[in-house]
Amino acid sequence: MCGIVGYIGNELAAPILLDGLSKLEYRGYDSAGLAVRDGDKTIEIVKAKGRLKELKEKTDGGMALKGSCGIGHTRWATHGEPSTENAHPHHSDDNAVVLVHNGIIENYQFLRDKLVKNGYSFYSQTDTEVATKLIDYYYKKYKGGPVEAMARSMMRIRGSYALAIMFKDYPGEIFATRRDSPMIIGVEGDAAYLASDVPAILKYTRSVYYIDNMEIARLGKGTVRFCTVDQEPIEKQPVQITWDAESAERAGFEHFMIKEIHEQPRVVTDTINSLVREGRVDLSEAGISEEMLRSFSQVHIVACGSAYHVGVVTQYVMEDLARIPVRVDIASEFRYRRPLLTPDSLVIIISQSGETADSLAALREAKSQGVQTLAIVNVVGSSIAREADHVIYTYAGPEIAVATTKAYSTQLIVGYLVSIELAHARGQIDDGEYGRLLTELRTIPEKIERVIEDKERIQWFAAKFSNAREAFFIGRGIDYAISLEGSLKMKEISYVHSEAYAAGELKHGTISLIENGTLVIGILTQEALYEKMISNMAECKSRGAYLMGITNYGNYNTEDTADFTVYIPKTDPHFTASLAVIPLQLLGYYLSITKGLDVDKPRNLAKSVTVE
Ligand code: M6R
């Protein structure tokens, strides 16, 4: 959690740092701060509780801070409440060390006690202040310079961190390191930048260095040098970022979420194109061959949140097509339940950010058991992408809204394609069926477009139910998996309590909650289960529920039961999640804005969950 930035060059640093932080607010937004230095003058620190705009106002958009070298931070609280004291940057008593941090230092209490014994005192409740003073301690004790002090501290710190540090005695430099928290570095002309994520510096450079775990970087004006923790120099080549700056902005839409909903036809096409060539699924870039696919006898899918819901859809699709046992796990459960993985298992980790702490730990658990791991990831160069044996990238581009939409849709596509290829490799589908499925998949982007075009009806419905206090989402099979995602969308951005239920399970207890006016949303895209779904919805209606149905064009008698029906284009039953999820994304979005909520940055959440 948290976003960090750094700049050193010839321009005024503070406005550049504030601009970078504005692109990282999705990582946390309870307080923010800057440390800026003018030549070898004192390092000036300004912090503000609340959104970044508070800091902007306090610093006159950054113009109040003189100096062309600085670091900045936007915070999502872990240790210590959101407050000015706990906001970053943190500093040692004489400002010898000034630091911003993203991550969690697990042994901070132990380190803090040690430092107290050595005469240190603390002004905040944060683990970050402990890291700052630990570096200060080694810096002053051994007098070996910044890199040595950092290296000694890194050996003592347990946990995750990305650190950007200014040392009072080194006015022309910023020092940085990371372990299990993201950081990228860019150099352009006379300037050098660092950030937690690419959009923060895309405006200034497209040439980006990925710093690996336990490496140290030293940034100067237009330069960066890397070394290991043993101070051995490392040669690195920059990676060229191909995203256009526009795609990291709102492009005229009112919110990132609605912009990202509209981007789905394009990013789904891009993802299909990246994996389907000349009518065949090509997983060779991920190092996956047909022979390898044939060697697996079971699949485990592990993820969190919406990515987990993609896993649930994929389980239904993969088991049905490839006839292979698939188990789906929530990453935070998988990592601690000592999972039993046979040597012929494939573990698939799904993650938009590639930095989710629980998913990363689950990946490491799988690797420690020696099984093959495949990551389905959106952010290139992220920790999960780097550590997995095989990686398939989704082509969603930067996703800014906290509530995922386009990343979810592209993850579904990869789930379908891996399932189809696995089914073919295992001889479960012949060439004809293989071709038919791929041809049908090509129609999905245009069908998504058609569902989005119908958005005004959902907007109307959201306005009608803006006072709803609870909702139930029900479905069977893949429709149950879609219900999970619809329910999460409603909860996380419109703060309406909702539950997703397997429709057949409702009568085993939960149906007692249905009363006059309770909103029940039934998903009915699986023709084979349609009649059973209608019966389950009728059971709710007879207890007073108001029914919304989402079904395929043609199923017009749904209107005999449902009070409000949304139709989606027909497709193969394995792919209906890609279409049925769209009205549910729109429903969450419109409910949120009808209620006047901050749809892109819902309360208590952050885009990238890099803590347990
Ligand atoms: O970056 P990841 O895909 O690993 O993130 C997983 C979840 O935190 C994420 O899907 C979360 O549930 C979304 N906010 C849901 O919209």
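Residues numbered from 1 in each chain as written. Predicted model: local features only at pLDDT ≥ 70, side-chain atom pairs only at ≥ 80, totals over all residues. Heavy atoms only, no water.

### Some details on the overall build of the protein
Scanning the protein from N- to C-terminus turns up 19 helices and 27 strands. Taking 612 residues into account, the globule formula puts the C-alpha radius of gyration at 25 Å, and the protein, at 25 Å, falls close to it. For the C-alpha atoms alone, the extent of the protein along its principal axes is close to 75 × 55 × 45 Å. Per-residue burial for the protein yields a buried fraction of 63% across its 612 residues. Sequence separation of at least 24 residues holds for 71% of the intrachain contacts in the protein that already meet a minimum separation of 6. A total accessible area of about 22,700 Å² is found for the protein, and carbon and sulfur atoms account for 48% of it. The protein carries 67 positive and 81 negative side-chain charges, and their two centres are separated by 5 Å. (Helix = DSSP H or I, 4+ residues; strand = E, 2+ residues; numbered from the N terminus. Rg over C-alpha atoms; globule rule 2.2 N^0.38 Å. Buried < 20%, exposed > 50% of the residue type's maximum accessible area, 1.4 Å probe, protein only. Contact = heavy atoms within 4.5 Å. Areas by Shrake-Rupley, 256 points an atom, 1.4 Å probe, with all protein chains shown as cover. Lys, Arg positive; Asp, Glu negative; His and termini not counted. Charge placed at Lys NZ, Arg CZ, Asp CG, Glu CD.)

### Here we look at the pairing of strand S20 (residues 345–351)
It is a general feature of regular strands that their side chains alternate between the two faces of the sheet. Most of S20 sits out of view: seven of its seven residues are buried. Side chains of S20 alternate between two faces, with Ser345, Val347, Ile349 and Ser351 and Leu346, Ile348 and Ile350 buried alike. Looking at chain direction, strand S18 (residues 298–303) and S20 are connected through five bridges and run parallel. Among the inter-strand pairings, valine 299 is bridged to a residue of S20, identified as leucine 346. In this sheet, strand S21 (residues 372–377) lies alongside S20 in parallel orientation, the contact comprising six bridges. Bridge pairing links isoleucine 350 to isoleucine 376 in S21. Handedness of the S20-helix H11 (residues 357–368)-S21 crossover: right-handed. (Pairing = 2+ DSSP bridges. Right-handed = clockwise from strand over helix to strand, strands pointing away.)

### Side note on the packing of helix H9 (residues 305–322) against helix H17 (residues 478–494)
Interaxial distance between H9 and H17 falls to 8 Å at its minimum, and their mutual angle equals 170°. When the interaxial angle is binned, H9 and H17 end up roughly antiparallel. Facing H9, whose interface residues are Gly305, Ser306, His309, Val312, Val313, Tyr316 and Val317, H17 presents Ile478, Tyr480, Ala481, Leu484, Glu485, Leu488 and Lys489. (Axes fitted to C-alpha atoms, helices over the stretch in contact; angles between N-to-C directions. Parallel < 35°, antiparallel > 145°, perpendicular 65-115°, else oblique.)

### Remarks on the packing of aromatic side chains
When we look at a pair of aromatic rings, we describe it by the centre distance and by the angle of the planes. Within the structure shown, the criterion is met by 19 aromatic pairs. Pairing tyrosine 120 with tyrosine 137 gives two aromatic rings, centres 6.4 Å apart and planes at 75°, and the pair type is edge-to-face. Here tyrosine 120, found in the loop between helix H3 (108–117) and helix H4 (127–142), pairs with tyrosine 137, found in helix H4; they are 17 residues apart in sequence, far enough to count as distant. Here tyrosine 120 matches tyrosine 137 in class, with each residue buried. By the ring-pair criterion, three or more aromatic residues cluster together here, those being Trp460, Phe461, Phe465, Tyr546 and Phe564. The ring of phenylalanine 226 is capped by lysine 236, whose NZ or CZ atom sits 5.4 Å from the centre of that ring. (Phe/Tyr/Trp six-rings, centres within 6.5 Å; stacked < 30°, edge-to-face > 60°. Lys NZ or Arg CZ within 6 Å of the ring centre and 35° of its normal.)

### With respect to the pattern of salt bridges
Evaluation of the coordinates by the stated rule reveals 38 salt bridges. Here aspartate 270 ties to arginine 266 by a salt bridge, and the two come within 3.6 Å at their closest N and O atoms. Of this pair, aspartate 270 and arginine 266 both sit in helix H7 (residues 264–275), four residues apart, which is roughly one turn of the helix. Arginine 436 is paired through a salt bridge with glutamate 433; the nearest N and O atoms lie 2.9 Å apart. Taken together, the residues span about one helical turn, with arginine 436 and glutamate 433 both in helix H14 (residues 431–441) at a distance of three residues. The exposure class of glutamate 433 is partly exposed, given its relative accessible area of 25%. (Salt bridge = Lys/Arg side-chain N within 4 Å of Asp/Glu carboxyl O.)

### Structural notes on the sheet that holds strand S10 (residues 191–195)
Reading across from one edge, S3-S2-S4-S1-S10-S9-S11-S15 is the order of the eight strands in this open sheet, with antiparallel pairing throughout. Of all strands in the sheet, those with a lone pairing partner are strand S3 (43–49) and strand S15 (239–240), marking the two edges. Examined bridge by bridge, strand S1 (residues 3–8) and S10 share four bridges and lie antiparallel to one another. Pairing of isoleucine 8 across the sheet is with alanine 192, part of S10. Against the sheet, helix H1 (residues 13–22) makes contact with S1, strand S2 (31–37), strand S4 (69–75) and S10, and its axis sits at roughly 150° relative to S2, the strand it touches most.

### What to know about unusual backbone geometry
A cis geometry characterises the amide bond from histidine 88 onward to proline 89, with omega recorded as 0°. Assignment of secondary structure puts proline 89 in the loop between S4 and strand S5 (90–91). Notably, aspartate 60 is not glycine yet its phi reads approximately 55°, a positive angle. Looking at the secondary structure, you find aspartate 60 in the loop between helix H2 (52–58) and S4. With a phi close to 50°, lysine 143 is a non-glycine residue in the positive phi region. Tracing the sequence through the fold places lysine 143 in the loop between H4 and helix H5 (146–156).

### A short note on H14
Structural remark: α-helix, 3.6 residues per turn; residues separated by three or four positions point the same way. Taken residue by residue, H14 has Tyr434, Leu437, Leu438, Glu440 and Leu441 as its buried positions. Seen end-on, H14 carries its buried residues on one side only, within an arc spanning 160°. Residues Asp431, Gly432 and Thr439 are exposed on H14 and point more than 90 degrees away from its buried face. Residues of H14 that are buried in the fold lie against H7, strand S16 (276–277), strand S17 (280–281), H9, helix H13 (406–425) and helix H15 (444–453). The opening residue of H14 is aspartate 430, an N-cap whose side-chain oxygen sits 3.2 Å from the backbone nitrogen of glycine 432. (Arc of directions from axis to C-beta. Polar contact = N/O pair within 3.5 Å; in protein donor to acceptor, adjacent residues only side chain to side chain.)

### Some words on the site of the ligand
Looking at the ligand, there are 14 residues lining it, with Ser351, Gln352, Ser353, Thr356 and Glu492 nearest. Taking serine 351, its side chain carries an N or O atom lying 2.6 Å from an oxygen atom of the ligand. Glutamate 492 places a side-chain nitrogen or oxygen 2.5 Å from an oxygen atom of the ligand. Elements with a contribution of two residues or more to the shell around the ligand: H9 and H17. When grouped by side-chain class, the residues that make up the shell around the ligand number five nonpolar, seven polar and two charged. (Near = heavy atom within 4 Å. Nonpolar A, V, L, I, M, F, W, Y, C, P; charged D, E, K, R; others polar.)

### Some words on H3
Among all positions in H3, only Tyr108, Leu111 and Leu115 are buried. The arc that holds the buried residues of H3, viewed along the axis, is 65°, so those residues lie on one side. On its buried side, H3 packs onto strand S6 (97–105), H4 and H5. Count one or two residues on from H3 and you reach glycine 119, which has phi positive near 95°.

### Quick notes on the state of the cysteines
Cysteine pairs can be covalently joined through their sulfur atoms, and such a bond is termed a disulfide. Within the structure shown, the criterion is met by zero disulfides. Of all cysteine sulfurs, the one in cysteine 304 lies closest to cysteine 2, which takes part in no disulfide; the gap is 18 Å. On the accessibility criterion, cysteine 2 (6% relative accessible area) is buried. Look at cysteine 304 and you get partly exposed, because its relative accessible area is 23%. (Disulfide = S-S within 2.5 Å.)

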